[in-house]
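What follows is each chain in one-letter form.
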Amino acid sequence: MAEQKDEWLEPLAGWLRRIETSSEPLQLIPPFIPAESAILMSGKAKRGFKSWLAFLMSICVASGKTAALLKPSGVHPVLFIEEEGARKPTARRFRWLEKAHGIDIAKDCEGRFWWAHRQHVLLDDSKWISRIASEIRDKGIRLVVVDTLAKASSAEENSATDISHLMRSIDRLRDAG
């Protein structure tokens, strides 16, 4: 019987050598958003500032343009999954951000800002994760924003088991890009 190689295992010395000789991870917006990471923004509910900041960061990453202290490292495709905001107020927020920061979403983010609004995405559903991972790979998406995690999941936030399952799904999305 042929010996099967365990590709998920490697000697520590080899892993250290491989990591130490690899390039530094990409910073989408240094030092705030490193690629290959999962970031959680939290704050008081219904203040709106988290969504505004997430919108602005996403516009900056997709356009490559600086806004306030947000200086993206380049132009990178973005997927924004918005499960909470109402249509008209959300559209107005984007237009206000465009005007305030001199960014034209249609021109500056063309083909790089992908939007899913109130599509009932569930990050703890394997079919949704496969579908999103496929889009990440196909479109070269480097930043995925989910607003809000509570609406995009059926997980009980106080259940370690539910949250662990949800985080493994998020890891699958991170690994897709």
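Residues numbered from 1 in each chain as written. Predicted model: local features only at pLDDT ≥ 70, side-chain atom pairs only at ≥ 80, totals over all residues. Heavy atoms only, no water.

1. Section: the pairing of strand S5 (residues 143-147)
At step 1: By the alternation rule, side chains of S5 split into Leu143, Val145 and Asp147, which are all buried, and Val144 and Val146, of which none is buried.
At step 2: Strand direction decides the pairing type here: strand S3 (residues 78-82) and S5, joined by 5 bridges, are parallel. Looking across to S5, one finds that Leu79 is bridged to Val144. (Buried < 20%, exposed > 50% of the residue type's maximum accessible area, 1.4 Å probe, protein only. Helix = DSSP H or I, 4+ residues; strand = E, 2+ residues; numbered from the N terminus. Pairing = 2+ DSSP bridges.)

2. A short note on the packing of helix H2 (residues 49-63) against helix H3 (residues 87-101)
At step 1: Remark: H2 packs on H3, axes separated minimally by 10 Å, with the N-to-C direction vectors making an angle of 55 degrees. In terms of their interaxial angle, H2 and H3 are classed as oblique. Crossing of H2 against H3: the hand is right-handed. Listed contacts from H3 to Ser51, Trp52, Phe55, Leu56 and Ile59 of H2 are Thr90, Arg93, Phe94, Trp96, Leu97 and His101. (Axes fitted to C-alpha atoms, helices over the stretch in contact; angles between N-to-C directions. Parallel < 35°, antiparallel > 145°, perpendicular 65-115°, else oblique. Left-handed = near helix turned anticlockwise from the far one by under 90°. Contact = heavy atoms within 4.5 Å.)

3. Thoughts on the packing of helix H5 (residues 126-139) against helix H6 (residues 160-176)
At step 1: Contact pair H5 / H6: the axes reach a minimum separation of 8 Å and the direction vectors enclose 20 degrees. When the axes of H5 and H6 are compared, the pair comes out roughly parallel. Between H5 and H6 lies a crossing of right-handed hand. Mapping the contact onto sequence places Ser126, Ile129, Ser130, Ile132, Ala133, Ile136 and Arg137 in H5 and Ser169, Arg172, Leu173 and Ala176 in H6.
At step 2: Taken together, the residues of the contact of H5 with H6 break down into 6 nonpolar, 3 polar and 2 charged. (Nonpolar A, V, L, I, M, F, W, Y, C, P; charged D, E, K, R; others polar.)

4. Some points on the sheet that holds S5
At step 1: Read across the open sheet, the 3 strands follow the order S4-S3-S5; overall the sheet is parallel. In this open sheet, the two edge strands, each paired with only one partner strand, are strand S4 (113-117) and S5. Put simply, the sheet's adjacent strands are angled 10 degrees from each other on average, direction ignored.
At step 2: Pairing of S3 with S4 involves 5 bridges; the strand directions are parallel. Paired with Ile81 across the bridge in S4 is Ala116.
At step 3: Set on the sheet, H2 makes contact with S3, S4 and S5; between it and S3 the angle comes to about 160 degrees.

5. Digging into the environment of Ala62
At step 1: Counting through the fold element by element, Ala62 comes out in helix H2.
At step 2: Not counting the four nearest positions on each side in its chain, Ala62 is found in contact with Val75, His76, Val78, Asp108, Cys109, Arg112 and Phe113.

6. A look at the pattern of salt bridges
Opposite charge on two side chains permits pairing when their charged atoms draw close.
At step 1: Within the structure shown, the criterion is met by 7 salt bridges.
At step 2: The structure contains a network of salt bridges with shared partners spanning Lys65, Lys107 and Asp108. (Salt bridge = Lys/Arg side-chain N within 4 Å of Asp/Glu carboxyl O.)

Structural measurements only, silent on function.
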